[in-house]
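# Remarks on the overall topology
Take a look at the letters that make up each chain.
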Amino acid sequence: MKTTNKTIFLAALAAAALAACGGGGGSSSNPTGQTSSTGQTGSTASTPQPISLLAATGASVGSPTLTGDAVADSFAYANNKRAQLGLSQLKQIAAVNTAAQNHAIYMHDANAVGHYEVAGQPGFTGVAPSDRVKAAGYTTNSVGEIAAGIGGPFTSSAEAVDGLFDAPFHRAIFLFDTTGVGLGQGPANTDPAKYSTLVGDFVDYVQQTPDYKLVAYPYDGQTNVKPSWVANESPNPMANAPTYIGKTVGYPVTLSAAGNGAFSNINFSIADASGNAVPCQETDNTNNSESTRLAMCVPFQPLANNATYKATVSGSLTNTSIPTAQAFSVSWSFTTGVAAAVQARQLPAGSGTALPSVFN
């Protein structure tokens, strides 16, 4: 993604079950913390299934045709990525679009990006994402929100959603088993000192990805993968290697579990075509409380252009169907393209909150 003299701010928040928050309250309205649920429907298999990667459909899906409308193109982008990975398609919900747009306008007016609004401020429609979705007239069992603010006008209708998907903590929300989404864009903006804004609210958790399947991105066989990424996300995957925060690093490689999956004893490695190890920062729920259902490795340096890499992850997984930790080992390969020119971007501090263990 090419950017010039821009500041980008990304914020991700996944909310817990409505019932877990005290009788239909949705995600917590308290900005300092959230309630999470570990409950999930489904039977426990008597004979555990081998844990493997969800089969990706990949290049056969093609690319979405951009229309120039950021909301429509962000929706198409999200469903295109999900289709590439063999995940179900999201349904766009008009009332949730309204909630997302209201918050995008609020962020634009405040020139700040985050998930909580302050009563009495211009454009206030609810403190937390679930409050705003409810105020827009939609009842749901879960709300997870992603938000982006980019200084100046969007350079393309997919710039914000593309940047959000590249960021691994945000990517995890795109790939989880919610079934509906609403998207909203703030007012047109040409001032580089003021944010252009985009908000996505993901709603209605229904588990569709089996407990014994893992979702890898980049997916197996993917080509033209970006070699680099600016580590500007909050929460930041380089939190345990803080000198790399805000720096240009390699493209994040992620492995996502379904439901209330939790990893343990993770060994995540990336190697080039000659078998040489690529040093990377490994993050999962055992060393970062915000990495729920998610294991990732972010290379310390950009990957080479037009090069093939193999990712290998071993460890153990638990979830509703696998109450006793079950060992797994998965491997897949992908090939980079050519790095685009990237302007290093700086994030204001304090945008992230912990992801709970499960939507329900």
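This is a predicted model, so every value here is computed, not measured.

## A closer look at the nonpolar core
- Phe174, Leu214, Leu255, Phe263, Phe268, Phe328 and Trp332 are the most contacted members of the largest nonpolar core, which totals 70 residues.
- Those residues in contact with Phe268 that sit more than four places away from it in its chain are Val253, Leu255, Cys280, Glu282, Ala295, Met296, Cys297, Ala311, Thr312, Val313 and Trp332.
- Within the second largest apolar cluster, eight residues are counted, among which are Ala100, Met107, Ala147 and Val199.

## So, helix H2 (residues 94–110)
- Between the first and last C-alpha of H2 there are 24 Å, a value that for 17 residues agrees with the 24 Å anticipated at 1.5 Å per step.
- Along H2, the residues classified as buried are Ala95, Val96, Asn97, Ala99, Ala100, His103, Ala104, Tyr106, Met107 and His108.
- Buried positions along H2 lie against strand S3 (91–92), helix H3 (129–135), strand S4 (143–151), strand S5 (178–185) and strand S6 (195–205).
- At the exit of H2 stands Asn111, carrying a positive phi of roughly 50°.

## What about the sheet that holds strand S12 (residues 262–272)?
- The strand order across the open sheet built from four strands is S8-S16-S15-S12, with neighbouring strands paired in mixed fashion. Across the chains shown, the open sheet's two edge strands, defined by having one partner strand only, are strand S8 (222–225) and S12. If you compare each strand with its neighbour and ignore which way they point, the axes differ by 30° on average.
- As judged from the two bridges shared by S8 and strand S16 (residues 326–336), these two strands associate in the parallel manner. By the bridge assignment for S16, Val225 is matched with Thr336.

## Focus on the packing of helix H1 (residues 70–84) against helix H4 (residues 159–166)
- Running from N to C, H1 and H4 point in directions that differ by 35°, and their axes come no closer than 9 Å. Considering the relative orientation of H1 and H4, their crossing is right-handed. Where H1 approaches H4, its residues Ser74, Tyr77 and Lys81 are matched on the opposing element by Val161, Asp162 and Phe165.
- Along the lines of polarity and charge, the residues of the contact of H1 with H4 split into three nonpolar, one polar and two charged.

## Things to note about the sheet that holds strand S13 (residues 280–283)
- The five strands are arranged S2-S7-S11-S14-S13 in an open sheet whose pairing can be described as mixed. Among the strands making up the open sheet, the edge pair consists of strand S2 (52–53) and S13.
- Direction of pairing for strand S11 (residues 253–257) relative to strand S14 (residues 294–299): antiparallel, over a ladder of four bridges. For Thr254, the partnering residue across the bridge sits in S14 and is Met296.

## Some points on unusual backbone geometry
- In the segment running from Tyr217 into Pro218, the intervening peptide bond is cis, with an omega of -5°.
- Within the secondary structure, Pro218 sits in the loop between strand S7 (213–217) and S8.
- In this model, Asn224 sits at a positive phi of 60°, which is unusual for a non-glycine residue.
- Turning to its location among the elements, Asn224 is positioned in strand S8.
- On the basis of relative accessibility, which here comes to 59%, the residue Asn224 falls in the exposed class.
- Within the chain, Asn265 stands out as a residue other than glycine whose phi angle is a positive 55°.
- Mapped onto the secondary structure, Asn265 falls in strand S12.

## Some details on the confidence of the model for the chain
- Predicted confidence across the chain gives a mean pLDDT of 85, with 82% of residues reaching 70 or more.
- Within the model, pLDDT remains below 50 along residues 1–5, and this stretch shows 17 contacts once partners closer than five positions in the same chain are excluded.
- Per-residue pLDDT stays below 50 along residues 342–360; that stretch engages in 89 contacts with residues further than four places along the chain or on separate chains.

Basis of the calculations
Residues numbered from 1 in each chain as written. Predicted model: local features only at pLDDT ≥ 70, side-chain atom pairs only at ≥ 80, totals over all residues. Heavy atoms only, no water. Core = buried A, V, L, I, M, F, W, Y, C linked by side-chain atoms within 4.5 Å. Buried < 20%, exposed > 50% of the residue type's maximum accessible area, 1.4 Å probe, protein only. Contact = heavy atoms within 4.5 Å. Helix = DSSP H or I, 4+ residues; strand = E, 2+ residues; numbered from the N terminus. Expected span 1.5 Å × (residues − 1). Pairing = 2+ DSSP bridges. Axes fitted to C-alpha atoms, helices over the stretch in contact; angles between N-to-C directions. Left-handed = near helix turned anticlockwise from the far one by under 90°. Nonpolar A, V, L, I, M, F, W, Y, C, P; charged D, E, K, R; others polar. pLDDT = per-residue confidence, 0-100.

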